[in-house]
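Below are the chains, spelled out letter by letter.
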Amino acid sequence: MDQPIVGFHQDDQHDWVAELACGHVQHVRHNPPWTSRPWVTTAEGRQGVLGRTLACRKCDQGAPRDLPER
């Protein structure tokens, strides 16, 4: 199920994690050549993708929220 990105935070290894509207989180690494997400490397890039959707496998599986209710 596609869910909009509503924010970002970094994990303990300083990788960027997208916060989705559904309350789940998903890593959004820039790791060429396997994953090309250069927008994740700058604040402007991350700001520019707010509202864009990502496929949320956790929603598809009926998993509980990762984040508390806002």
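All of these numbers come straight from a predicted model, not from anything done at the bench. (Residues numbered from 1 in each chain as written. Predicted model: local features only at pLDDT ≥ 70, side-chain atom pairs only at ≥ 80, totals over all residues. Heavy atoms only, no water.)

A. Focus on the overall build of the protein chain. Scanning the protein chain from N- to C-terminus turns up two helices and four strands. Start at the N end of the protein chain and walk to the C end: the helices and strands fall as β-β-β-α-β-α. Compactness check: the protein chain gives a C-alpha radius of gyration of 12 Å against a globular reference of 11 Å for 70 residues, within 12% of the reference. C-alpha extents for the protein chain along the principal axes are approximately 30 × 25 × 25 Å. Within the protein chain, contacts between residues separated by at least 24 positions form 48% of all contacts whose residues are at least 6 apart in sequence. Of the roughly 4,700 Å² of accessible surface on the protein chain, 50% is carried by carbon and sulfur atoms. (Helix = DSSP H or I, 4+ residues; strand = E, 2+ residues; numbered from the N terminus. Rg over C-alpha atoms; globule rule 2.2 N^0.38 Å. Contact = heavy atoms within 4.5 Å. Areas by Shrake-Rupley, 256 points an atom, 1.4 Å probe, with all protein chains shown as cover.)

B. Geometry of the nonpolar core. In this structure, Ile5, Phe8, Ala18, Leu20, Cys22, Val28, Val40, Val49, Leu54 and Cys56 together form the largest nonpolar core, which totals ten residues. Sorting the residues of this core by element identifies strand S1 (2–10) and strand S2 (16–20) as the ones contributing at least two each. (Core = buried A, V, L, I, M, F, W, Y, C linked by side-chain atoms within 4.5 Å. Buried < 20%, exposed > 50% of the residue type's maximum accessible area, 1.4 Å probe, protein only.)

C. Molecular detail of the environment of Leu54. One can find Leu54 in strand S4 (residues 53–55). Sequence separation between Leu54 and Asp2 is 52 residues; the distance between their C-alpha atoms is 5.3 Å. Among all residues touching Leu54, those that are not within four sequence positions of it are Met1, Asp2, Gln3, Ile5, Ala18, Leu20, Gln26 and Val28.

D. Molecular detail of the state of the cysteines. Taken as a whole and judged by the stated rule, the model has zero disulfides. Looking at the unpaired Cys22, the closest cysteine sulfur is the one in Cys59, lying at 3.6 Å. (Disulfide = S-S within 2.5 Å.)

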